[in-house]
Amino acid sequence: LNPLMIKFVRHYGMRAGNLYDRPDVEVIQSEGRNFISRTDRKFDTIFLGFVDSWASVASGGLSLSENYLYTTQAFKDYYDHLTDDGTLVILRWDLDIPRVIANSVAALGATEAAKRVAILMEKRGDPRSAVDPSQMLFMLRKRPFTDAEIAMMKTDWTLARPVILPGEAPAPYDQLLSGRTPMAQYTAEAKDLVGPVFDDSPFYFATERPWGMPVQVDRRKSART
């Protein structure tokens with residue numbers, strides 16, 4: 001988005017591996033969702049690695065800003081722009097698992113999503129740590145994962161452990177991906193907001209379920225009354 005970032009990387013030259021000037025690299029300055037919606041190209045990999053801004057954490061003013069990169073329609077756009085052997089890859093935290101699963105099911109249906117979704121958690125770090133948390137790798141493949149690929153993720157991917165694989169998922173994801181639990185029940189039974197988000201309400205990061213008026217505010221209201 002920011003042309004200064006492109007200039008910044010180029011400024012470092014060889015210290016950054018001349019990354020943006022390599023003959024096999026094409027730099028496009030654009031918002032990702034906007035670019036993917038207007039191109040007819042297809043890609044082997046579409047990678048979203050912490051592409052959202054942390055400005056909302058620093059200022060607080062953008063905490064309720066919408067984000068169109070992680071909606072169900074965005075997932076469908078990415079999926080439609082993959083090659084036949086392509087993969088959508090998202091790198092984020094474990095707290096994103098409920099919603100990326102919900103978006104996948106909403107975009108493709110439970111039966112198709114179940115064959116194409118794999119999630120692994122990095123072995124380094126601590127999922128409960130705010131300083132060094134483990135990172136989550138979400139993959140949505142254009143074609144179903146093969147038995148050989150599933151076996152390889154179990155044995156050969158030594159830096160990460162599988163959390164969800166085709167045919168292997170813990171509760172409540174197993175019920176949702178198998179179609180035994182409908183989306184409405186999946187979202188209603190969760191303690192947080194875990195349902196899919198859409199372009200008409202793209203608040204992906206709004207996960208805390210409102211449980212009514214905070215006690216202190218309610219008491220002050222009663223006192224004034």
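Some details on the overall build of the protein chain
Thought 1: Within the protein chain one finds 10 helices and 5 strands.
Thought 2: Taken across its 225 residues, the protein chain has 35% of its residues classed as buried.
Thought 3: The contacts in the protein chain between residues at least 6 apart in sequence include a share of 65% that link residues at least 24 apart.
Thought 4: Put simply, the protein chain shows about 13,800 Å² of open surface, and 56% of that area lies on carbon and sulfur atoms.

Topic: the pattern of salt bridges
Proximity of charged atoms lets side chains of opposite charge pair with each other.
Thought 1: According to the stated counting rule, one finds 16 salt bridges in the structure shown.
Thought 2: When the shortest N-O distance is used, the salt bridge between Arg33 and Asp199 registers 2.9 Å. Highlighted residues: Arg33 in helix α2 (residues 32-38) and Asp199 in the loop between α9 (183-189) and α10 (215-224), separated in sequence by 166 residues.
Thought 3: By relative accessible area, which is 26% here, Asp199 ends up partly exposed.
Thought 4: Among the charged side chains, a salt-bridge network with shared partners connects Asp85, Arg141, Arg143 and Glu149.

A word on the packing of aromatic side chains
Thought 1: Under the counting rule described, the total for this entry stands at 8 aromatic pairs.
Thought 2: Judged by centre distance (6.0 Å) and plane angle (80°), the rings of Tyr70 and Phe205 are edge-to-face. One end of the pair, Tyr70, is in the loop between α3 (55-59) and α4 (72-80); the other, Phe205, is in the loop between α9 and α10, with 135 residues separating them in the sequence.
Thought 3: Accessibility expressed as a relative area gives 0% for Tyr70, which makes it buried.
Thought 4: Classification of Phe205 by relative accessible area gives partly exposed; the value is 37%.
Thought 5: Centroid distance Phe75 to Phe138: 5.9 Å. Interplanar angle 40°. Geometry classified as tilted.

Structural notes on the sheet that holds strand β5 (residues 160-164)
Thought 1: If you walk across this open sheet you meet the 5 strands as β1-β2-β4-β3-β5, and the pairing is mixed. At either margin of the open sheet sits one strand with a lone partner, and together these are β1 (43-49) and β5. Strand-to-strand twist across the sheet, computed as the mean angle between neighbouring axes with direction ignored, equals 20°.
Thought 2: Both strand β2 (residues 82-92) and strand β4 (residues 136-141) contribute to a ladder of 6 bridges, which runs antiparallel. Bridging from a neighbouring strand, Thr87 pairs with Arg141 of β4.

Considering the pairing of strand β3 (residues 117-122)
Thought 1: Within β3, 5 of the 6 residues are buried, which leaves the element mostly enclosed by the surrounding structure.
Thought 2: Both β3 and β5 contribute to a ladder of 4 bridges, which runs antiparallel. Bridging across to β5, Ile119 finds its partner in Ile164.

Focus: the nonpolar core
Thought 1: Grouped together as the largest cluster of nonpolar side chains are 37 residues, with contacts concentrated most on Ile46, Leu48, Tyr78, Leu88, Ile101, Ile119 and Phe138.
Thought 2: The dominant element in this core, judged by the number of residues it contributes, is helix α5 (residues 97-108), at 7 residues.
Thought 3: Apart from the residues within four sequence positions on either side, Ile119 is in contact with Ile97, Val100, Ile101, Met136, Leu137, Phe138, Arg161, Pro162, Val163 and Ile164.
Thought 4: Grouped together as the second largest cluster of nonpolar side chains are 9 residues, Ala118, Leu120, Phe145 and Ile150 included.

Regarding the packing of α4 against α5
Thought 1: The N-to-C vectors of α4 and α5 enclose an angle of 65°; their axes lie 8 Å apart at closest approach. Our classification of the angle between α4 and α5 gives roughly perpendicular. Relative to α5, α4 is oriented so that their crossing is right-handed. From α4, Thr72, Phe75, Lys76 and Tyr79 reach across to α5, where they touch Val100, Asn103, Ser104, Ala106, Ala107 and Leu108.
Thought 2: Grouping the amino acids of the contact of α4 with α5 by side-chain chemistry returns 6 nonpolar, 3 polar and 1 charged.

Describing α5
Thought 1: In a regular helix each residue adds 1.5 Å, so 12 residues correspond to 16 Å; α5 covers 17 Å between its end C-alpha atoms and thus fits that length.
Thought 2: Extensive coverage of α5 is indicated by the burial of 11 of its 12 residues.
Thought 3: Restricting attention to buried positions, one finds in α5 the residues Ile97, Pro98, Arg99, Val100, Ile101, Ala102, Asn103, Ser104, Val105, Ala107 and Leu108.
Thought 4: Just past α5, the residue Gly109 takes up positive phi, approximately 90°.

Definitions and cut-offs
Residues numbered from 1 in each chain as written. Predicted model: local features only at pLDDT ≥ 70, side-chain atom pairs only at ≥ 80, totals over all residues. Heavy atoms only, no water. Helix = DSSP H or I, 4+ residues; strand = E, 2+ residues; numbered from the N terminus. Buried < 20%, exposed > 50% of the residue type's maximum accessible area, 1.4 Å probe, protein only. Contact = heavy atoms within 4.5 Å. Areas by Shrake-Rupley, 256 points an atom, 1.4 Å probe, with all protein chains shown as cover. Salt bridge = Lys/Arg side-chain N within 4 Å of Asp/Glu carboxyl O. Phe/Tyr/Trp six-rings, centres within 6.5 Å; stacked < 30°, edge-to-face > 60°. Pairing = 2+ DSSP bridges. Axes fitted to C-alpha atoms, helices over the stretch in contact; angles between N-to-C directions. Core = buried A, V, L, I, M, F, W, Y, C linked by side-chain atoms within 4.5 Å. Parallel < 35°, antiparallel > 145°, perpendicular 65-115°, else oblique. Left-handed = near helix turned anticlockwise from the far one by under 90°. Nonpolar A, V, L, I, M, F, W, Y, C, P; charged D, E, K, R; others polar. Expected span 1.5 Å × (residues − 1).

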